[in-house]
Structure formats: C-alpha cells, structure tokens
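Report on the structure
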Protein chains: 2
Amino acid sequence: MEAVTSPQQESNGPITRGCQWLKSLPNKFCDKTTEIARRTKKLGQDDPRRIVHSLKVGLAITLVSLFYYFKPLYDGFGNSAMWAVLTVVVVLEFSVGATLGKGLNRMLATLVAAALGFGAHRLASLSGRKGEPVLVATFVFITAVITTFMRFFPKVKARYDYGMMIFLLTFCLVSMSGYRDDQLLEMAHERFSTILVGSCASLIVCICVCPVWIGEDLHKSVAANIAKLANFLEAFGDEYFKVSEESNENNKSYLQGYRTVLTSKSSEETMVNFARWEPGHGPFGYRHPWKMYLKVGNLTRDCAYKVEALNTYLNCKIQMLFDFSKAPAEISGKIQEPCKRVSLECSLALKEMASTFRKMVLTRSAVMHIENSKKAAEELRSLLKTNLWEEADLLEIIPAASVASVLVEIIGCIEKISEAVNELGKAASFRKINATVLPEQQDSIQQETVQQDSNNTAILPVPHCVIIVAE
Amino acid sequence: MEAVTSPQQESNGPITRGCQWLKSLPNKFCDKTTEIARRTKKLGQDDPRRIVHSLKVGLAITLVSLFYYFKPLYDGFGNSAMWAVLTVVVVLEFSVGATLGKGLNRMLATLVAAALGFGAHRLASLSGRKGEPVLVATFVFITAVITTFMRFFPKVKARYDYGMMIFLLTFCLVSMSGYRDDQLLEMAHERFSTILVGSCASLIVCICVCPVWIGEDLHKSVAANIAKLANFLEAFGDEYFKVSEESNENNKSYLQGYRTVLTSKSSEETMVNFARWEPGHGPFGYRHPWKMYLKVGNLTRDCAYKVEALNTYLNCKIQMLFDFSKAPAEISGKIQEPCKRVSLECSLALKEMASTFRKMVLTRSAVMHIENSKKAAEELRSLLKTNLWEEADLLEIIPAASVASVLVEIIGCIEKISEAVNELGKAASFRKINATVLPEQQDSIQQETVQQDSNNTAILPVPHCVIIVAE
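Analysis parameters
Residues numbered from 1 in each chain as written. Chains lettered and ligands numbered in written order. Predicted model: local features only at pLDDT ≥ 70, side-chain atom pairs only at ≥ 80, totals over all residues. Heavy atoms only, no water. Helix = DSSP H or I, 4+ residues; strand = E, 2+ residues; numbered from the N terminus. Buried < 20%, exposed > 50% of the residue type's maximum accessible area, 1.4 Å probe, protein only. Contact = heavy atoms within 4.5 Å. Areas by Shrake-Rupley, 256 points an atom, 1.4 Å probe, with all protein chains shown as cover. Salt bridge = Lys/Arg side-chain N within 4 Å of Asp/Glu carboxyl O. 1 Å grid on protein atoms, 1.4 Å probe; cavity = no way out; pocket = protein on both sides within 12 Å on 5 of 7 lines; lining within 4 Å. Points joined across faces, edges and corners; volume = space filled by probe spheres on them. Nonpolar A, V, L, I, M, F, W, Y, C, P; charged D, E, K, R; others polar. Phe/Tyr/Trp six-rings, centres within 6.5 Å; stacked < 30°, edge-to-face > 60°. Buried area = accessible area lost by both parts, 1.4 Å probe. Polar contact = N/O pair within 3.5 Å; in protein donor to acceptor, adjacent residues only side chain to side chain. UniProt positions renumbered as here; feature names shortened; annotations may be inferred. Least-squares fit on C-alpha atoms with pLDDT ≥ 70 in both. Axes fitted to C-alpha atoms, helices over the stretch in contact; angles between N-to-C directions. Parallel < 35°, antiparallel > 145°, perpendicular 65-115°, else oblique. Left-handed = near helix turned anticlockwise from the far one by under 90°. Patch = residues over 30% accessible without salt bridge, like charges linked within 9 Å, V, L, I, M, F, W, Y side chains within 5 Å. Lys, Arg positive; Asp, Glu negative; His and termini not counted. Charge placed at Lys NZ, Arg CZ, Asp CG, Glu CD. Domains from an automatic or database assignment. Core = buried A, V, L, I, M, F, W, Y, C linked by side-chain atoms within 4.5 Å. pLDDT = per-residue confidence, 0-100.

Details of the overall build of chain A
- Across its full length, chain A holds 18 helices and two strands.
- In chain A, buried positions account for 54% of the 471 residues.
- Within chain A, counting contacts between residues at least 6 apart in sequence, those at least 24 apart form 80% of the total.
- When the accessible surface of chain A is split by element, carbon and sulfur atoms take 61% of a total near 21700 Å².

Dropping the structure here:
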C-alpha cells in the first residue's frame, strides 16, 4: 500500500500544499492584522501621549506647509520654503527637551556654518574660477575631518552631536553652492530663515500643545525606581519566610519589578541630557540640578544589585550543590522576626523617600525608618551571637545568615540614597517639612506611591497630605 | 588699621582683580588648550579608528563633491547634486552596519515615498488648483500621524527609525512640490538618484577603506566581558584571603574591570541592531546569529551581579553593623583552600570560554574547569558540615559562609553562560575541537586573552595554539 500511495502523495503534495497555503492566506492575514491592531492599541494605551505626539507632528507640518501654499508667504522664501517643512519633520521630537536640543543645535549650527561657508567661498573665489573648487574642496575636507572627530568627544556627543552634523552639512552646502549659484548670500539667508521658521513652529507646537517634559519623566522615573526596590523589600519578608507554598500573585509582580532598575542607566543618562535643554517648568526651576539625578540613580542601581542577590535566595538557584535554598523552618523561625522587620523598615524608608522625592519635599521621616531598621539589625546580630545555634548544622544556617548579611548591606545602601536625595533636595530647593507626619497620613502617602506607580504618566500631585511647616 | 585699609581694598579691589583676571587669561587659555590637546590625543590613542573614520568622511565628501564641480557630471543631476553631498554627511557612520542601515533605510524610504508622494500629488491635482492644497495637506497630515506613531513600535524603532523619518520627509517634499514645480517627476527622480549616489559613495568608502565591522566589535566585546569576570575571580581569592594589608596594583585594576559589564546592556543591543545589517565578513558568515549574543550578554551580566555581591565582601561595607567585613584569620584559614580553588577554577573556565569564543572554536575544556570547581565546592560543603566550627562565634562565620555561598552560585551562572556559548557556537558553526589542549598551550591561550584584553582593537587572532581535530 505504501508504495502505491507515495507517488500519489508526491504528485498531489505540492499542489495540495499550495492550495492549503492559499486557503490559509486570508486567515493568516487576518491573524497578522489583529495582532498589529492589538499591539497598536496597547502602545497607545501604555502611554496616550504617543497618540498626542503623532497628532502634534501632523499639525505642525500642516501649519508650516501654509508657507508653501500661500503666495504672500511663499514669495518671501521662494523654493526654500520646503526646508521649513523638512525642519519640522527632523526637529519635532517626543519631549520638549529633545525638540529644544535639536532645534537650538540646528539653528545655531546653520547660522555659524552659513557664515563660515560664505567666508570660505569668498576666500576661495579670490583664486579664480579654476582655483576655487580646489580651495573649497580643501576647506570642506578639513572641516569634515575636524567636525567628525569632535563628535567622538563624549561631552560633544551627548549634547551637540546633531549640531555638529548640521554644521558640516550647511558648511558644505553654502561653500560649494557659491560655485554654481550667484545669489549665494540670498540662498544662505533663505536657508537660515526657513530653518528658523521650522524650528520655531516645532517648538511652539511642542510646548503649547500637551507638552511632554522629559525632566518630569526623569523625576518620576527616579522616584519609581526607588519605589520598585521598596516593593520588593516589602514583599520579600513574607515570601522568604512564608509557611505555605502558595504565593500571593501581587507579591510575584512586586518581586520582579526591580529588574528594570538594573538596566536603567543609559535611559537615565539620555533623559538627563535632554532635561538639561528644558527651561524652568512647573516645580522645576531654572538650572534645576538634573545632573544630580544621575548620582541618585547610580546609588539606586547599587541597591538593586543587592536586591538581586536577595532574590537569588528566593529562587532556589543554589539548591543543587549545598542542598538548600532556604533555611529549614526551625532555623528561619528564629531569625524571622528581626529579618522581616529589617526588610519592612527598609521598604518603608524607601517608600518615604520615593514619595517625598516625587512631591519635592524634604523630610526626616525616612531617616526614622533607617534608624528602626538599624535597631532591628542590631537585634538580629545579638540573636545570631547567642548560642541558640550550637546544635544546628552550619550548612543549614548559611542561607539564613547570608540573607541577614545582605539585608544589613541594604541598610547601608539606603542610607547613601537618602543622603543623595537630601543633597539633591537642597540643591533643588525642595520645601522643608518637619517630620511630623501622622500615621494615617503616612498611610495615604504610601497608597499614593503605589497608585502613581501603576500609572506612571500621572500628573505630579500637589502635596496635600503632609503637614507643611515651612522653615 | 583695618578700617583704613578696607576702603582702599574696596576701590582697588575690582580693578586689581580685573587686572589679575586679564593677566591670568593667557595662562588659562594655555591650560585649556593643553587640556583639549591632551584629551584629543587620548581619544585618538584609545581607538585610532576614530582618526581613520574622520579622514574617511573627508574623503567621501570630497569625492562626491566632484559631481558638483565637474560640468558633465553636474549636468546629469542639476542643482540636486548637492543632495549627494548631504547624503554622505548624514549616512556615513563609524561602522559598516550603521552606515548600511542608514543608507538602505534612506534609499528605500526615498524610493517608496517619492512614488507615493507623486501618486498623492496626481490624485490631488484632479480636484483642481484650489482643491489640491487641501487634499495634499490632508494626505500629508495622515501620513505624518501614521508614520510618527509607527516609530514608537520597538521593532520599527530599533531598525527602521531613520527610514520612517526619511519617508515622511520625502513624501512631504514630493507631494507638496507638485503645487509649485511643474517638473515634479524629474525632481523626484533627481532626488532619488542623488541619494543613491551619496549612499553608494558612503558605503564604498566605508567598506573599502579600513572598514569597522560592528559585528566584530560586538563579538570581541562579549568575549572581553566574560574575560573581565574571569580576571575578577582570579584576583579575588588572593585579595580576600591575603595575609598582609598590601595589595597588588595589578589585582586592583583586575578587581574593578567587571563594573563596566553591569551597564553594558544598551550598548550591546545597539551593536546587535547594527550588526544585523552587515553582510557576511571574515569569520562571520551570512545570517550569523547576532541575536544570540544578547542571551550570552544577559547571562554574563547576571554573573556580574553575583561578582558585585562578592566585591562587597572585599570592601568592608558591612563592617559598621556586624563588626566584620572579613572573617577572622582563624576561620578564613579553614575554608581558604577550597574557596580559592572554586574561585580559580571558575576564573579558568571563564577564561577558556572567552578565549575559545573569541577564536570561534568549540571545546569542552571550560566544562572540565566547571567540573573541577564543582568538586571544590563539594569539598567546601563537607568542610562546612564538619563540627570544626562548634567553638566559633557564628557572627564570625557568616562572612566566610556568605562568600562560599556566592561562589557556589557563580558556578551555576558560569554553567549557564557555557551552555549559551555552546548554543551560539553551534548556530554559528564554530569549529569543533577535542579538549586536548596541553597545559603549556593553555598558558599561551590565557596570555593571549590578557593581551587582547588590554588592546581591545586587536585583530581577531588565528587559532594557532590549539590542536585542531576537526570532526
């Protein structure tokens, strides 16, 4: 039978498969479309500002294109009017900081390069029609080499990379055009004025229509990172010393949140670079110390590395060799109480910090919690010092002891974060508040932290729930 | 006296200070210039390819500017010839991958957008001179909104962000120009062909003159990161159990090298995105599994987090509360030998991996070292299980026990890295080599690893020092 059917299959095979493929095509297409639609919706829901930004780009381009369509406006600029539209496409970015950075870079670089390019052309034209290309090419070569190399300087790369590119571009354009274009000065002027119009239109739309301040995002993100560590530490105690095997779903998500902190460095650096372009806005004054956010961010990451070490003890990773992942119930029962307290007080200290930092107030309440956690650590120490352990197997004590020692390290990290936050608070003139936060108010602060955390795009809340005693 | 001198000082003060400032100006200027010169020199010395790249940009621009200067070439392109120069400025990047990505994005986006823009213009022109601007503006608005939103998709952002921008730019340019320019088709054609010339010139210069393959950089960087962890673990044993307070300077630099691994994620992702644009080159074939480098990189970072935990025990950070940073000599003496061995075998395993990975060969020698380290860990375990510890204070044991437990975790991490490297090696068809590396040859491999590490730009060495037994 097999020998008979196989040729049939062979001959029918490709056709059948082809038919099946054709039949499945509409389904596949439908699936793909649904998938894309689902992703698009999610992208919009995650941050509705993305939709607003897309509409803003459309609006700005349409506005600037009026220069091209209306004759009176067109006559002023001529064919260069198109440059205004192109400038909008290139300059209008998601955040005000990025748009301002690009816009200023583009305007300044064009102005300087147009002037230098014109000078280079005039200088070169002294050597006659034949010598001019050689001289201009030499100038262009030297400028290209120097500008390109300058883009490798870290400081230049961080803030003026785009400007350097536009400088080289405009310099080439203006100095070379002089060879074939008699009205060079007019052309340079047109180019600059259209870029001015395009950049200004981008800036106006970017700032006036639902502005996205990257500085505000940075501020929230640094606070959210601190809160993520707090969430882990809050859930850690219960999770590590849990009696049953069942785990709270809520805890699970809390326990994983900190992982994004580990790799947040480059996005924070980008945000700081953009935020430095932004003018004072809302609670962030002129010359807000954006660079100091990097220090707080670095210390938060250092703390996150310790949290990562704690996380190992939850995940049974070292079971295979040492026959343990968690200390047996008998051992862990003894140190459970102080360990949980250290973890919880650390969590409270971080939550306090995240909450007051977000609201831009300076309190000493985090310090209180740090002191409490130190006391609990001292208890843990004396507990470990007692001879309760004599009968126990050392191998069984190690995990619990390691957890205790990592927790103690975390206290040190949190102290450093607290100092850095205070330093930043002083430099940014946060309001000072006496640490007279009543317990029920503290609760409301904590609740707010969690709420804001789930909705990262929330508007900065006005601090209404702490008693302000301005000094 | 004081009352008499103070008005004098006041009146002389500003002038004197002004003079001093003026006098110090040349000095300051000199200092600044020297400082910039020093930095420039360092930037060039750190990676001489930067100087070469700058010269390449100059060369490419000068080459393309010939199109503008020579009449026969100019007549073909007209005034648009300038676009070729601008394209070179924008497209020519440091690495082949980045240049190819930008060049292909620019060419493809221009082609599609020019066609669509022309279609939009023809469609709009059907509605007469008055209706056309309204219709074109509507098309432009819709295109701008959709294109801008698409740039938020992570996959699009990673590979086609530049293309989306150029698409929108060209679409605006072509569809709108139709209103004032009669020779639209010619203009669209000129724009596309000049961009083609500019992109091709960039690519030719980029690939033919000292090409910088970002894939090769990525390959070396992943290997170097593994080697950095190996260096830490090699130095750790001696540093932690050292008798005297004096520390080897060489060890110090080894101990800090791993810190750059912690924050290498975003640069690795960028490199992978660029590397995927590159064609096969040298030992990296067509469709080299660049994405799998991300997995190896992530596992290396996970291991680096553990190494960071180990580093804490070197740095006396937790002394303040637990009265220890290191176990007392008596305790540490007992576990010194197996701990050092685990650390050293881990280091050897990582070095093997780094070296064979760099040379693109598959061996089982790293597995041997992992097995050795597991044996040492087992010894450590039985040592900790014995009752040698009964008389000791638990507090004194904790740091040593914690170090031991972290070392055991590191073995697990290294096993995972080894698996990922093997998986990558199979996918990328690394050559297979039997694990018959003789001791003296092993030494030479290790020495090479260190040499290559200090000179990150070294050319990929030919594997000449291992016995190849092709399977």
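Brief notes about the pattern of salt bridges
Residues and elements named next belong to chain A.
- A complete count under the given rule lists 42 salt bridges over all chains for this structure.
- Close ionic contact of Lys102 with Glu93 constitutes a salt bridge, the shortest N to O distance being 3.1 Å.
- Its relative accessible area of 18% is what places Lys102 among the buried residues.
- The class of Glu93 is partly exposed, set by a relative accessible area of 23%.
- Look at the salt bridges and you will find they share partners, linking Glu35, Arg38 and Arg39 into a network.

Thoughts on the layout of surface pockets
- Taken as a whole, the second largest pocket spans an internal volume of roughly 960 Å³.
- When residues of the lining of the second largest pocket are traced back to their parent elements, those giving at least two are α4 (81-91), α7 (154-177) and α8 (184-208) of chain A together with α4 (81-91), α7 (154-177) and α8 (184-208) of chain B.
- When the residues that make up the lining of the second largest pocket are grouped by side-chain class, the tally is twelve nonpolar, ten polar and eight charged.

Section: the packing of aromatic side chains
- One pass over the structure, following the stated rule, counts 28 aromatic pairs over all chains.
- Summarising the aromatic geometry, the rings of A:Tyr68 and A:Tyr69 are spaced 6.3 Å apart at their centres and angled 80 degrees between planes, so their arrangement reads as edge-to-face.
- Centroid distance B:Phe357 to B:Phe430: 6.0 Å. Interplanar angle 55 degrees. Geometry classified as tilted. Here B:Phe357 is found in helix α15 (residues 329-358), whereas its partner B:Phe430 is found in the loop between α17 (394-427) and β2 (431-432), with 73 residues between them in sequence.
- By relative accessible area, which is 0% here, B:Phe357 ends up buried.
- Assessed through its relative accessible area of 6%, B:Phe430 is described here as buried.
- Three or more aromatic residues link up through ring pairs in this structure, and these residues are A:Phe284, A:Trp290, A:Tyr293, A:Phe357 and A:Phe430.

Let's talk about empty space enclosed by the protein
- Enumeration according to the criterion identifies four cavities of 30 Å³ or more in this entry.
- Quantified by volume, the largest cavity comes out at close to 140 Å³.
- Lining of the largest cavity is provided by 15 residues; of these, A:Lys306, A:Ala309, A:Val406, B:Ala309 and B:Val406 occupy positions nearest its centre.
- Breaking the lining of the largest cavity down by element, the ones donating at least two residues are α13 (292-314) and α17 (394-427) of chain A together with α13 (291-314) and α17 of chain B.
- Among the elements that line the lining of the largest cavity, the one with the most residues is α13(A), at six residues.
- Within the lining of the largest cavity, the residues separate by chemical class into eight nonpolar, two polar and five charged.

What about the interface of chain A and chain B?
- Counting residues at the interface gives 87 residues for chain A, matched by 87 residues for chain B.
- For the pair chain A and chain B, the summed buried surface comes to about 8200 Å²; carbon and sulfur atoms form 73% of the total.
- Our count for the chain A to chain B interface comes out at two salt bridges.
- Between B:Asp302 and A:Arg259 there is a salt bridge; the shortest N-O distance is 3.5 Å.
- Between chain A and chain B we count ten residue pairs in polar contact (both at pLDDT 80 or more) in total.
- Ranked by residue count, the leading element in the side of chain A that touches chain B is helix α2 (residues 49-69) of chain A, at 13 residues.

A word on the UniProt feature "transmembrane region" (unreviewed entry) in chain A
All names here are of chain A.
- When the UniProt feature table is mapped onto this chain, "transmembrane region" (unreviewed entry) is found at residues 51-70, 82-101, 108-128, 134-153, 160-180 and 192-214.
- Taken end to end, residues 51-70 has its terminal C-alpha atoms 29 Å apart, with 95% of it in helix and 0% in strand.
- This span, residues 134-153, is 85% helix and 0% strand, and a straight line between its end C-alpha atoms measures 30 Å.

Details of the relation of the copies chain A and chain B
- Mapping chain A onto chain B calls for a screw motion: a turn of 180 degrees about the axis and a shift of 0.0 Å along it, with 0.0 Å RMSD after fitting. The two molecules are tied by a two-fold rotation axis, judged by turn and shift. Judged by C-alpha distance, A:Ser402 is the residue of chain A that lies nearest the rotation axis, at 2.6 Å.
- Looking at the interface residues of chain A, 100% of them are also at the interface in chain B, so both copies use one shared face.

What about the packing of α2(A) against helix α6 (residues 128-150) of chain B?
- At a minimum axis distance of 8 Å, the contact between α2(A) and α6(B) shows a crossing angle of 150 degrees. One finds that α2(A) runs roughly antiparallel with respect to α6(B). Both α2(A) and α6(B) take part in a crossing whose hand is right-handed. Here A:Arg50, A:Ile51, A:His53, A:Ser54, A:Leu55, A:Val57, A:Gly58, A:Leu59, A:Ile61, A:Thr62 and A:Tyr69 of α2(A) lie close against α6(B), whose contacting residues are B:Pro133, B:Val136, B:Ala137, B:Val140, B:Phe141, B:Ala144, B:Val145, B:Thr148 and B:Phe149.

Quick notes on the environment of B:Phe232
Residue and element names in this part refer to chain B.
- Relative to the elements of secondary structure, Phe232 occurs in helix α9 (residues 214-240).
- Separated by 76 residues in the primary sequence, Phe232 and Glu308 place their C-alpha atoms 9.9 Å from one another.
- Non-local contacts of Phe232, meaning those with residues more than four positions away in its chain, are made with Tyr254, Leu255, Tyr258, Val307, Leu310, Asn311 and Leu314.

Observations concerning a positive patch on the surface
- There is a patch of like positive charges on the surface, built from A:Lys32, B:Lys155, B:Arg276 and B:Lys291.
- The topology assignment puts B:Lys155 in helix α7.

Things to note about the domain arrangement of chain A
Residue and element names in this part refer to chain A.
- Considered domain by domain, chain A is made up of domain 1 (49-208), domain 2 (214-431) and domain 3 (433-471).
- The interface is formed by twelve residues belonging to domain 1 together with eight residues belonging to domain 2.
- Carbon and sulfur atoms make up 60% of the area that domain 1 and domain 2 hide from each other, which totals about 930 Å².
- The partner of Arg49 in a salt bridge is Asp217, with the nearest N and O atoms 3.1 Å apart.
- If you list the elements that add at least two residues to the side of domain 1 that touches domain 2, you get α5 (96-125) and α7.
- Element by element, the count of residues in the side of domain 1 that touches domain 2 is highest for α5, at seven residues.
- A per-class count over the side of domain 1 that touches domain 2 returns six nonpolar, four polar and two charged.

A few points about the nonpolar core
- Grouped together as the largest cluster of nonpolar side chains are 142 residues, with contacts concentrated most on A:Ile414 and B:Ile414.
- Not counting the four nearest positions on each side in its chain, A:Ile414 is found in contact with A:Leu233, A:Cys303, A:Cys346, A:Ala349, A:Leu350, A:Met353 and A:Ile370.
- Membership of the second largest hydrophobic core comes to 99 residues, among which are A:Tyr68, A:Val140, A:Trp213 and B:Leu100.

Here's the deal with unusual backbone geometry
Residue and element names in this part refer to chain A.
- A positive phi is found at Met360, a non-glycine position, where the angle reads about 60 degrees.
- Along the chain, Met360 turns up in the loop between α15 (329-358) and β1 (361-362).
- A positive phi angle, close to 45 degrees, is found at Ser429, a residue other than glycine.
- Note that Ser429 resides in the loop between α17 and β2 (431-432).
- In this structure Ser429 comes out as exposed when scored by relative accessible area, which is 62%.

A few points about the side chain of B:His53
- Looking at where B:His53 falls in the secondary structure, it is placed in helix α2 (residues 49-69).
- Assessed through its relative accessible area of 5%, B:His53 is described here as buried.
- The residues contacting B:His53, other than those within four sequence positions of it, are A:Thr148, A:Phe152, B:Leu92, B:Glu93 and B:Phe94.

Observations regarding the confidence of the model for chain A
Residue and element names in this part refer to chain A.
- For chain A, the mean per-residue pLDDT works out to 82, and 81% of the residues sit at or above 70.
- Considering only residues more than four positions removed or in separate chains, one finds that residues 1-10, a stretch of pLDDT under 50, has two contacts.
- When the criterion is pLDDT under 50, residues 317-321 qualifies, and its contacts beyond four places in sequence or with other chains add up to 15 contacts.
- Predicted as a complex, the structure gets a pTM of 0.84 and an ipTM equal to 0.83.

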